[in-house]
Every structure is written in structure tokens, then in C-alpha cells.
Amino acid sequence: MSAVSQDTAVKTSRVAQVFIYLTLVLFALFYLLPLYVMLTNSLKPLSEITGGDMMSLPRALTFEPWLSAWATAQVGVSPTGLRPYFLNSILMVVPAVAISTVMGALNGYILTKWRFRGDTLLFGLMLFSCFIPFQIVLIPMARMLGLMGIAGTTQGLVLVHVVYGIGFSTLYFRNYYASFPTELVRAAMIDGAGFFRIFWRIMLPVSGPIAVVTIIWQFTNIWNDFLFGASFAGLNAMPMTVALNNLVNSSTGVREYNVHFAGAIMAALPTLLVYIVAGRFFVRGLMAGSVKG
Amino acid sequence: MGFLDISHVSKAYGAVQVLHEVDISVEEGEFIVLVGPSGCGKSTLMNMIAGLEPITKGDISIRGRVMNGVHPSKRNIAMVFQSYALYPNMTVAQNMTFGLEMHGVPKPERERLLADVAKLLQIDHLLERKPGALSGGQRQRVAMGRALVRNPDVFLFDEPLSNLDAKLRVDMRTEIKKLHQNLGTTIVYVTHDQIEALTLSTRIAVMNKGYIQQLGTPKEIYDTPANLFVATFMGSPAMNIIPATVRVEDGAPYAEITDARGHLQSLKFSQANMAEWNGKEIMLGIRPEAITDIDGADRKSQNIQRFSNIVTVTEPAGSDTFVTMTVSGRDVVARMRADASVAARDSFEFAVNMDKAVAFDPKTEARIR
Amino acid sequence: MPIQSRQADLRTRLQDLIPKIVLAPSLAVVLIFVYGFIAFTVYLSMTDSKMLPSFDFIGLENFGRLFALPAWNTALVNLVIFATLYIAICTVIGLGLAILLDQKIRGEGVLRPIYLYPMALSFIVTGTAWKWFLDPGLGLENTMHLWGWTSFEFNWIKDRNMAIYTLVLAAVWQTSGFVMAMFLAGLRGIDNEILKAAQIDGASNVALYRRIVIPMLRPAFLSAFVILFHMAIKSYDLVIALTGGGPGRATELPATFMYSYTFTRNSMGIGAASAVIMLMTVAAIMIPYLYSELGAKKE
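**Student:** Can you help me understand the interface of chain A and chain C in this one?
**Tutor:** Interfaces are often sized by the amount of accessible area the parts lose when they come together. Each partner contributes to the interface: chain A provides 104 residues, whereas chain C provides 106 residues. Counting the surface lost from both chain A and chain C, the interface buries some 9600 Å², and carbon and sulfur atoms represent 75% of this. For the interface between chain A and chain C, the tally reads 0 salt bridges. Connecting chain A to chain C are 22 residue pairs in polar contact (both at pLDDT 80 or more). Top element by residues in the side of chain A that touches chain C is helix H1 (residues 14–41) of chain A. It accounts for 16 residues. For the side of chain A that touches chain C, the residue count by class is 70 nonpolar, 27 polar and 7 charged.

**Student:** Could you clarify how one ought to interpret the nonpolar core in this entry?
**Tutor:** Grouped burial of nonpolar side chains is what soluble globular proteins tend to show. Counting residues in each nonpolar core, the largest one holds 247 residues, and the members touching the most others are Tyr 164 and Ile 198 of chain A together with Tyr 86 of chain C. With 16 residues, helix H3 (residues 70–101) of chain C is the largest single contributor of residues to this core. The contact partners of Tyr 164 of chain A, leaving out residues within four places of it in the chain, are Phe 134, Val 137, Met 141 and Phe 228 of chain A together with Phe 33, Val 34 and Phe 37 of chain C. Residues Met 172, Ile 187, Val 206 and Phe 229 of chain B belong to the second largest nonpolar core, which totals 43 residues.

**Student:** When you look at the environment of Ile 190 of chain A in this model, what are you seeing that I'm missing?
**Tutor:** Here Ile 190 of chain A lies in helix H8 (residues 182–191). The exposure class assigned to Ile 190 of chain A is buried, which follows from its relative accessible area of 2%. Considering only alpha carbons, one finds Ile 190 of chain A and Asn 224 of chain A, 34 residues apart in sequence, at a separation of 46 Å. Apart from the residues lying within four places of it in its own chain, the contact partners of Ile 190 of chain A are Ala 50, Leu 52, Pro 72, Ser 73, Ile 77, Ala 78, Met 79, Phe 81, His 103 and Arg 150 of chain B.

**Student:** Can you walk me through the sheet that holds strand E13 (residues 264–268) of chain B in this structure?
**Tutor:** Note on sheets: strands pair through backbone hydrogen bonds, and any given pair is parallel or antiparallel. Residue and element names in this part refer to chain B. Across the sheet, which stays open at both edges, the 5 strands sit in the order E13-E12-E11-E14-E20 with antiparallel pairing between neighbours. Two strands close off the open sheet at either side, each with one partner strand: E13 and strand E20 (358–360). The average undirected angle you get between the axes of adjacent strands in this sheet is 45 degrees. The sheet contact formed by strand E14 (residues 281–286) and E20 spans 3 bridges and is antiparallel. Along E20, the bridge assignment pairs Gly 285 with Val 358.

**Student:** What should I look at first to understand the packing of aromatic side chains in this one?
**Tutor:** Aromatic ring pairs are described here by two measures, namely the spacing of the ring centres and the angle between the planes. Enumeration over the complete set of coordinates arrives at 44 aromatic pairs over all chains. Look at Tyr 109 of chain A and Phe 199 of chain A: their rings are 5.0 Å apart centre to centre, the planes differ by 35 degrees, and that puts the pair in the tilted class. Placement of the pair is Tyr 109 of chain A in helix H4 (residues 83–113) and Phe 199 of chain A in helix H9 (residues 195–203), with a sequence separation of 90 residues. Like Phe 199 of chain A, Tyr 109 of chain A is buried. Taken together, the ring pairs in this structure connect Phe 27, Phe 30 and Tyr 31 of chain A together with Tyr 115, Tyr 117, Trp 130, Phe 133 and Trp 173 of chain C into an aromatic cluster. A cation over a ring is seen here: Lys 280 of chain B above Trp 277 of chain B, with NZ or CZ 5.4 Å from the ring centre. Lying across the ring of Tyr 222 of chain B, Arg 287 of chain B places its NZ or CZ 3.9 Å from the centre.

**Student:** Please clarify how the side chain of Asn 245 of chain A should be interpreted in this entry.
**Tutor:** Its place among the elements puts Asn 245 of chain A in helix H12 (residues 240–249). When residues no more than four places from it in sequence are discounted, the contact partners of Asn 245 of chain A are Phe 226 of chain A together with Ile 124, Ile 240 and Ala 241 of chain C.

**Student:** Got a minute to help me understand unusual backbone geometry in this structure?
**Tutor:** In terms of backbone geometry, most residues other than glycine have negative phi values and most peptide bonds are trans. Residues and elements named next belong to chain B. Following Ser 236, the chain continues into Pro 237 via a peptide bond in cis, with omega recorded as -5 degrees. Tracing the sequence through the fold places Pro 237 in the loop between helix H8 (228–233) and strand E11 (240–249). Positive phi, normally seen in glycine, also occurs at Arg 63, with a value near 50 degrees. Mapping Arg 63 onto the fold places it in the loop between strand E4 (57–62) and strand E5 (65–66).

**Student:** Sorry, what's going on with the interface of chain A and chain B here?
**Tutor:** With 15 residues of chain A at the contact, the number on the chain B side is 28 residues. Taken over both partners, the interface formed by chain A and chain B buries close to 1900 Å², and the fraction arising from carbon and sulfur atoms is 61%. It is Glu 183, Ile 190 and Asp 191 of chain A in chain A that bury the most area against chain B; as a group they hold 38% of the surface buried on that side. The tally of links from chain A across to chain B stands at 2 salt bridges. Between Arg 150 of chain B and Asp 191 of chain A there is a salt bridge, with the nearest N and O atoms lying 3.4 Å from each other. When residues of the side of chain A that touches chain B are traced back to their parent elements, those giving at least two are H8 and H9 of chain A. For the side of chain A that touches chain B, the element with the highest residue contribution is H8 of chain A, accounting for 8 residues.

So, how was this worked out
Residues numbered from 1 in each chain as written. Chains lettered and ligands numbered in written order. Predicted model: local features only at pLDDT ≥ 70, side-chain atom pairs only at ≥ 80, totals over all residues. Heavy atoms only, no water. Contact = heavy atoms within 4.5 Å. Buried area = accessible area lost by both parts, 1.4 Å probe. Salt bridge = Lys/Arg side-chain N within 4 Å of Asp/Glu carboxyl O. Polar contact = N/O pair within 3.5 Å; in protein donor to acceptor, adjacent residues only side chain to side chain. Helix = DSSP H or I, 4+ residues; strand = E, 2+ residues; numbered from the N terminus. Nonpolar A, V, L, I, M, F, W, Y, C, P; charged D, E, K, R; others polar. Core = buried A, V, L, I, M, F, W, Y, C linked by side-chain atoms within 4.5 Å. Buried < 20%, exposed > 50% of the residue type's maximum accessible area, 1.4 Å probe, protein only. Pairing = 2+ DSSP bridges. Axes fitted to C-alpha atoms, helices over the stretch in contact; angles between N-to-C directions. Phe/Tyr/Trp six-rings, centres within 6.5 Å; stacked < 30°, edge-to-face > 60°. Lys NZ or Arg CZ within 6 Å of the ring centre and 35° of its normal.

Laid out in C-alpha cells, this is it:
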């Protein structure tokens, strides 16, 4: 999808133009409203929230809620803030993204350039695994993590995310490499390069765009995951999403909405930042994930 | 025993047989063109020579060494691909020396070979560019350069000119021919373009449906096609194929054909053995340039036959004028000098050079010898 | 002439083998962790597992009991309401915004990212924001009262009959921009000459879209439907963060049902059975879709 609006043959009248812009702007407000509310209210003292209206800008600007959400707020039973869980998420996301991307790249390379009988079926099996409702694997996964001795740990979560992320990363690289001319691989074979050398010297140097797409996709999905985190993480490995949910639903004490909002934005910040910096690739990933083949 | 021997080679994908018992023996320094329509098996055969596809049955050997199962990089071959297959992330110099590097040739040696070839192909000024910054013709040269630096036993060209525009294609064709004449390398060249095949090769293998239809010099293929397929595939415009009946009169065989008005006319055969076909149907094959006006007829011919017919269409094409008429219910094309005075719908007296005519058995489609 | 074996040389055989060796771990992982686990869960659904897995086979009894449970039937009805509205509204908004954005709009580069950003958020964040926004005492209703519109009432999230629609609202907010992007890509893929030809044929703008453009977006409709459908069935995070399944069981979906029966109510057999039903529903849509997508590309 290009950012440049292309020449459209459709002509619209003045009145229609006004209507179009009005509708588009209204929807933009609809999408921005919750973010605006969260942001403004995360900078207000609690009294201003419970007593005032949610749309107004803070009268007494305060960063207290942010500090509290980060370092001192009650999450579950302990007053640690979200900081340790933010670190947990990073410790989980980085290896899970790295491993699933590398495996996806190799799989995509093999499935397009070293084809063998039954490779399409195999790819179909991998692809379907992206779309299963994960409830179907929760019970055996819990047992398996126990058997492997990594139940409740970050390593366990990394394993889970790698396993269920391979399908998508393979899909991305496969579709990308499919349009990469096979003649190049044949030329390199005649030149004397082998499996890994072709991958390293010929394929990888041109894989930049799809690697970015895959990394962003995996990062967003794994960072935003809640089900696996809630099911398999112990207290010490709890990721950000689960901690945020605990923070918001802590039953003890006063509900500090401003702290909740600060926490929610913190949980959203990494993926939001990626979206702002590399939105083009993010969109391409979404599209590639929806239009298969 | 040739330099490159393809003996009884077959290829099957599951139950589908795409090549049947192919036999070609190539001498050192020959320029062999495999030509045929798409799906005829020519590219499969080339990939098998390169080692990119396994051989189902038969042997391929180079310099007497059987190559079945030998890795492509160990066959001492080089290949020029249709898309050129230049590595997009490497410079021209890196592209050309990648194979040498993979084969462990030391750097100074690589640079010397690179410099020689770059000079030969006049691409010395492009060496530091990436393929994306080159024109089609330059990429073509680089792809050939990459093959040349390896100094292989056999060069394989897989439709190397089909991505170029018409003019550049003719220039590069000449370039390749010069290169072959100067270096005396052994070349196997795949194309679907019969003109490329005729102009470049020392010998042509015409292929169709997985069979070699005919293997011979361009002249043999053009003048004495082995069957109807070769006759119509090679040459442009295609050879005219006219249903005819053989009649013997006074001991001489004639081909009886019907003109546009429905009148029977006879053309005397040059080949006496056609008498054996007395009373039978044949397919008469005559190249367009063997049908002319009377002044334009080949003076060396021993057997010019007159034939009058109504002209359907004339198509002036600069140096020649193509004239279409109906004979025995088929469209027949004649190739005239540009200044022959011929007009559509007129009756015209044609001269047919029967020395150049061939006849085919309508059942087997093979040429009657 | 040296006699040589017709067998492939070591290098060729190795090059044939390496790809399979490299692919093997992924294949093993998928076979065990996806298909093995599916088989295991299917087996569990036919046992009398309670808190821990048991291996006493009881056939399809769990499925009978599952469909006799009011909670499961509530979850199913909720899913039908939620999925239908979610898919329909997302498609309408997505298509509408895409068509409007495709009219040579100035500022498209600003608007498009705004429509799409919610897709980058976690459902937990979305749920947290909307939960508060919809809370009558704090959010929209309260604000309207403060602005002087005292009769304004918007308490769906506390209303058993309406709470399911708040789920639709939040989910549509999160994904409709993504659907817009899919349709926009489809629109941009349509050959402009076809549109010009239709205009020369005298088609009005409405006829142009209704008769030419929208029919040509069929693939985008199909993809959007498949994606939204599987997201609807998998919806779990949003329910947890927005309503927690309440009030009462008003927003219980199969995904939350499965979780609570398996892990908090110690009815693993029933939970497994509900997961199997979920899988079968997704498979009924995804398998034909993937089959046609992959089959079409086969040479």
C-alpha cells in the first residue's frame, strides 16, 4: 500500500467532498478518543478524575501516577509497580522473536528454494497452526512445560511463543522468497556455493524488508499476548499484559484510575513506538498475514 | 565418443515422461542449439546437463567422465540464465568472481581473470556497479562474463536473449557468435527462437514433446526437414504444406494440386523416386522463397514449374513482398522481389522451384526420402 | 574411460539432505506442540478428567454434558451475537472508510495511521481504556452529565442485556482500521482503466461502486471475513479486561468458558470438550480457505 494517493478515476462533487472529510475526521476522533482520555487522565491527580470530566485537560499536571505505575503500585500482592514485569516481557520477547524469525527464514528458504515432495502440505500444517484457538493446546502445554521443568518460567514462555510463532514467520519468509528468482540459487549452486552459503551470501542480504516485517509482527504479537502469559507464567515471569490486568483489577485499596492509565500506556508504548517508527512495515505484515498463498 | 555425450537420456516426473531416450554427441568447440516450443523438454535437458535436475535414465558425460549425480559445481560448466540471475547485493566484479571464490581460487588470480574477461566484454567500467544500475544489455554481458571467467568445459545458455528488446537481441546474437568463433568454446544453447537457432549454431537439435525430432546442421534442418513438425517450426514465414496427389505421366512423377478456381494443376517432382507414390496422397512442402515470379526464379534450378493462381493478399515488407494465395484449400505464401508487379485479386503466373520441394507421408508425417 | 558410479556424489547427497535436517526441528515442534497437543486434548475431552488429566475413557459423554450446561449455551449465544455484529460492523466501517479514503483525500497520510494504530495495542490495554470510558460513574455518562446533559444515559456495561454490545464496540474500535487497510489495498489494486471505462459507459459513482468496484473486492471480503471470524472465536483477552465475563455471565464467550471450567472449576474434561468445539468451528472455515489459497498457487 503506497502512501501516495494515486489518480482515481472517480470524480466527486463539492458537497460530497465536505461530507467525505467530515466523516473521515469524525472517525479519526473516534479512534483517537480513548488514547486521548488515557493520556490526559494519567496526568491528573485522582481527585480530579473522580470529581471532574474525562475530556478536560489536567488542571494540576502531575507525573506521580506514572512513577507509581512504574515503581510502587500494588500489582497482585506486591507493591512493585510494573517495572519487573516490563523487564520480564523484554526477556521473553527478545529471544522468542529472534528464534522464531531465524527459524522462519530458514523454513521459508527451504520451502521455496529446496522444494521436495509434500512441501506444500507441510507448509499448510504450519500455517494452520497460526489460526487454531490456543485453548486447544493449553492443557497439554501446561503438562509439557512441567515435564520439561520450565513451568512458570520465562524460558517456558519463550518456548511457547516460538512454537506458535513459527507458522507466521515461515509464512512471511516463504511468500517473500517465492518471488525471489530461483535462477539465482541455481547460479550460486553452479558457482559452487552450498545450502548455508547461498542462504548467507545470496538470500540474507536481500531479506531486510521481510525480516523487519516479521520481527515487528512477532514482537507485537508476543508483547501483546495475554492468554499464554496468564496460563503459564509464574509470579516471577509474569509479562506486562498480565501484570497490567492484575494492577487494574487489584481489589485492595482505592482504585487509582490515573495509575491504571499510566500503566496501560506503558504496556502499549513499545508496540505503539514500533508502529510509529515503522508503520509501513507493520501494515505490510498485517496484510501478508491476511492474504496468504 | 564426443566431448559432451548425452546418451539414452530420459526424464520422468512421476508417471509423466518429459524426455524420451535423447541422444546427442557434441564435439569440442561445437555450438549446439536446442530449439523447440515451450514444454518440449529443452530446458529440462539443459538443467540435467547442469546437474540441476536428476537424470531418470541414461548417462551424461563430459570429457568421458560420467556426470550423473555429480554436483553442479563439480562439472566444470557455466551457465547463462534467461533472467541473468545476477546476485543483486553484489557488485559486477563480485558477481563475476563469486564462482572462483567458491572454488578457492586465490585473490590475485581472480583479479587477473576478471580483468581479462571484463576487457574482452568491454565491461571494465561497470565493475563496481550493482546489477540494479545496469541496462539489459549490460546485465547480459555481465552474465556472460561470469560464465567466461570460470573457463569451463561447456557453456550452457538458457534463452539468454529473450529478455532483450528486438534490436539489442540482434546485436547480442552477433556478439555471442563472435565470441564463439574467437574462443572456440563448446556451447549448448537453449532457445525457442528458430532464427537464433539457425544463425548461431553449428548444429541444431529440434525438439518437440520430449523427443529429438531432428539433429543436424542449420542447412540440413532447413532444406531437408525430417518431418512436418521440423518443416513448419523452422523458418519464417513457415514452409507451405499443401495436400497433393502423386500422378505418374510418361514415367515422371507429378504433384497434383488445386488452384483457387478449383482447377487441377500439376508440378513435376525433381525426385524420381516419388513415382513409387503413384495415386497416393502426400503433403507437399515448399518454402515461400521457392515460389516466385518467373523473372525472380532461381537460375541454378533444374526444375522450375509454372503455376497460375489468383492472388488473395499482397504484403510488401521492404526488401520482399509476401503474396498469399489459396492452394488445395490451404493458404500458401510466396516470397517475391519487392519490385514484382503483383496485385490482389489478379491472376498471376508463379514459378515454383521444385528442386527445393519436399514431400511428407501424411500418415507418419515423416519426409519421403 | 574411468568407470564411475551412477550414484550421486557425496556433496549432492549432502545438499539434498541438509534442507531436510534444517527443517526437521520446526516440523517436529509443529507436529508435537500443535497436532500432538490437539490429539491429546481431543482424547482428554473423552475422559472423566477433573482437576488433573485422567485416562478413563467415557466416550462423548462430556460433549453431551457440555451442551446441557446453561453457561455453555449462554457463551454460544453470546458468541453468535458478538461474532455477527463484530464482523458486520467492521466490514461496513472498514469498507466505508476505505472507499472514502480512496477519493484523492488530502491528509490521507495522517488519517490512515490514526485508523490503524489500535491494532498495535494489546486487547488488555483496549479493554482497560474502554472499561473506564463506558463506566457510567466515571466515563462518558458522567462527562455528559457534567456538561449539562443530565438525562444522558449510557450504562450498557452494567446492563446484563447490553453488556455484550460493549464488547462489540471495543473490538470494532480495535480492528476496523485494519479491515479498512485490507479494503484499501484491494481498491488500489483495481485497474484504473476499468473505472474509466465504466464512467464512459455512463455509470454514476454509486453504480460504479455497487456494480464494478465492490464485486471486484471479493478476495478482500473473503480475507477480512476469515480473519475477523477466527479473531472472534479466539476473543479472550478483551473479555477479561473489559467485563471479566460479567455482569453475571452476560459476556461469557467460549474462550473464557473453556478457561474457567478447565483451570478454576476443575472440570478439565468439559473444558477440553469446549476447546475441541472451538477448534472444529475455526477449522470449518480455515481449512477450506487455506486449501484454496495454497492449492491455487500450486503449479
